[in-house]
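Each chain, letter by letter, is given below.
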Amino acid sequence: MTDSDAVAAHSHQYNVSFSHDNTFVQYHDIDNNITWAEPVDDHDHDHDQFVPDSAPLLIALPQPPRKHVKRRSVGTPITSITTTTPPLSSVLRADITPIIPAPLRIRRPKHLSSTMPPSPARQVRLLIASIGNPPPYHTTRHSAGHLVLKSLSTHLSLPPLSRSKVLGSGSVSLGSDRDIPEYTLWQSASLMNVSGTGTLRAWKQFTSLSADGGSSQDTPTALVILHDELESSIGTIKLRRGETSAKGHNGIKSIQASFKSAGLLPSMGDRFIKLGIGIGRPQSREKDDVSAWVLGQLTSVEKAKVEAAAESVTAVLKSEVSRLERL
């Protein structure tokens, strides 16, 4: 077959039409129902004699027929394989241990108990000093610290306060006599406004009982001052640590000045503790009225509330001992 015969063989598959300005030719494949356009070459002068080239194989030539695959019948039908989950009651049996233990079930390694003995608790020593006025003013509001100290010796089952030269002037109750070395009670014998000198002497002798002066971590010591607290309700306790404002209290002023002059107050830090016992306040803010109030005698109700504060003071002292043990 010649080239002209091949063109003639395929020419019956197309419809050819020209645009109105003769710039392109539009072809239509009748067999495959495909239409496309091609530009007209300027050198082609006779459109009537135009014979289109054969279309690209992907468009003009028909697709080869698909082969038919005959399926064979299967004698035995294929059934789907399914798995069934056993009921929950058969899985959760009493003899099966849970994988995750209870959140709070924490066991201590056995080797720690044999290789790491518990560290012994450090011995803490407190000098608990009360300030006020000497007799016959022990039952005035200004001497509330003395009343609490006396009640504290009974509450802790310590020996009664007695005059002694162990800590200079004043009265003493040694907790070591009752196997409670943490507590040593000391009652000032001076007037309130000049409490600093006697308290400083008692502290120095107290710390001298320890060779390291009470600054070692093995034997920490602290000074606790019991004093009356104006403005606070009768029998309430207020705790302060370190050098703080005296708030007009002449006894605290005297002690802080004496310890500061001796160069001890800065080094003591939180080991200088003040516990104020509330004595209330008169309605008047006049100086003479306030002075008369603090120097006035406690009523029986007020005295009972002040003495009952020893229980709260005991709780505070135990808390301070625990704090010093961790320092």
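Given the structure is predicted, the values throughout are model-derived calculations rather than measurements.

Calculation rules
- Residues numbered from 1 in each chain as written.
- Predicted model: local features only at pLDDT ≥ 70, side-chain atom pairs only at ≥ 80, totals over all residues.
- Heavy atoms only, no water.
- Helix = DSSP H or I, 4+ residues; strand = E, 2+ residues; numbered from the N terminus.
- Buried < 20%, exposed > 50% of the residue type's maximum accessible area, 1.4 Å probe, protein only.
- Contact = heavy atoms within 4.5 Å.
- Core = buried A, V, L, I, M, F, W, Y, C linked by side-chain atoms within 4.5 Å.
- Phe/Tyr/Trp six-rings, centres within 6.5 Å; stacked < 30°, edge-to-face > 60°.
- Lys NZ or Arg CZ within 6 Å of the ring centre and 35° of its normal.
- Salt bridge = Lys/Arg side-chain N within 4 Å of Asp/Glu carboxyl O.
- Pairing = 2+ DSSP bridges.

**What about the overall build of the protein?**
Helix and strand content of the protein: nine helices and ten strands. For the protein, the residues scored as buried account for 36% of the 327 residues in total. Here the analysis covers contacts within the protein between residues at least 6 apart in sequence; of these, 66% occur between residues at least 24 apart.

**Digging into the environment of glycine 145**
With respect to the secondary-structure elements, glycine 145 resides in helix 4 (residues 144-155). Judged by relative accessible area, which is 0%, glycine 145 ranks as buried. Sequence-wise, glycine 145 and alanine 310 are 165 residues apart; in three dimensions their C-alpha atoms are separated by 10.0 Å. Excluding residues within four positions of it along the chain, glycine 145 makes contact with Ser130, Ile131, Leu226, His227 and Ile277.

**Quick word on the nonpolar core**
Core analysis: the largest hydrophobic core is formed by 27 residues, its most contacted members being Leu126, Ile128, Tyr183, Leu226 and Leu317. Every element with two or more residues in this core is listed here: strand 4 (125-130), helix 4, strand 7 (183-187), strand 8 (221-230), strand 10 (272-280) and helix 9 (300-326). Leaving out residues up to four positions away in the same chain, leucine 126 has contacts with Glu182, Tyr183, Thr184, Phe206, Ala222, Leu317, Val321 and Leu324. With 20 residues, the next largest nonpolar core counts Leu127, Leu167, Trp186 and Phe272 among its residues.

**Some points on the packing of aromatic side chains**
If you walk through the whole model with that rule in mind, you get two aromatic pairs. Taken together, a centroid distance of 6.1 Å and an interplanar angle of 40 degrees make the contact between phenylalanine 259 and phenylalanine 272 tilted. Here phenylalanine 272 lies in strand 10 and phenylalanine 259 lies in helix 6 (residues 250-261), a separation of 13 residues in the sequence. Across this residue pair, the class does not change: phenylalanine 259 and phenylalanine 272 are buried. One cation-aromatic arrangement involves arginine 125 over phenylalanine 206; the distance from NZ or CZ to the ring centre is 4.3 Å. In this structure, arginine 141 packs its charged tip against the face of tryptophan 293, placed 3.7 Å from the ring centre.

**Focus: the pattern of salt bridges**
Pairing between side chains of opposite charge can happen when their charged atoms approach one another. One pass over the structure, following the stated rule, counts seven salt bridges. Measuring nitrogen to oxygen at the nearest pair gives 3.0 Å for the salt bridge that ties glutamate 229 to arginine 240. Placement of glutamate 229 in strand 8 and of arginine 240 in strand 9 (residues 237-241) is noted, with a sequence separation of eleven residues between them. The pair glutamate 229 / arginine 240 is uniform in exposure class, with both members buried. Look at the salt bridges and you will find they share partners, linking Arg241, Glu320 and Arg323 into a network.

**Brief notes about the sheet that holds strand 8**
Sheet strands pair via backbone hydrogen bonds, and the direction of the pair is either parallel or antiparallel. The strand order across the open sheet built from seven strands is 5-6-7-4-8-10-9, with neighbouring strands paired in mixed fashion. The sheet is open, and its two borders are formed by strand 5 (162-163) and strand 9, each paired with just one other strand. Sheet topology note: the strand 4/strand 8 ladder contains six bridges and is parallel. Note on strand 8: the bridge partner recorded for arginine 125 is threonine 221.

**Observations concerning the environment of proline 181**
Turning to its location among the elements, proline 181 is positioned in the loop between strand 6 (171-174) and strand 7. On the basis of relative accessible area, proline 181 is assigned to the partly exposed category, the value being 28%. Sequence-wise, proline 181 and arginine 125 are 56 residues apart; in three dimensions their C-alpha atoms are separated by 6.5 Å.

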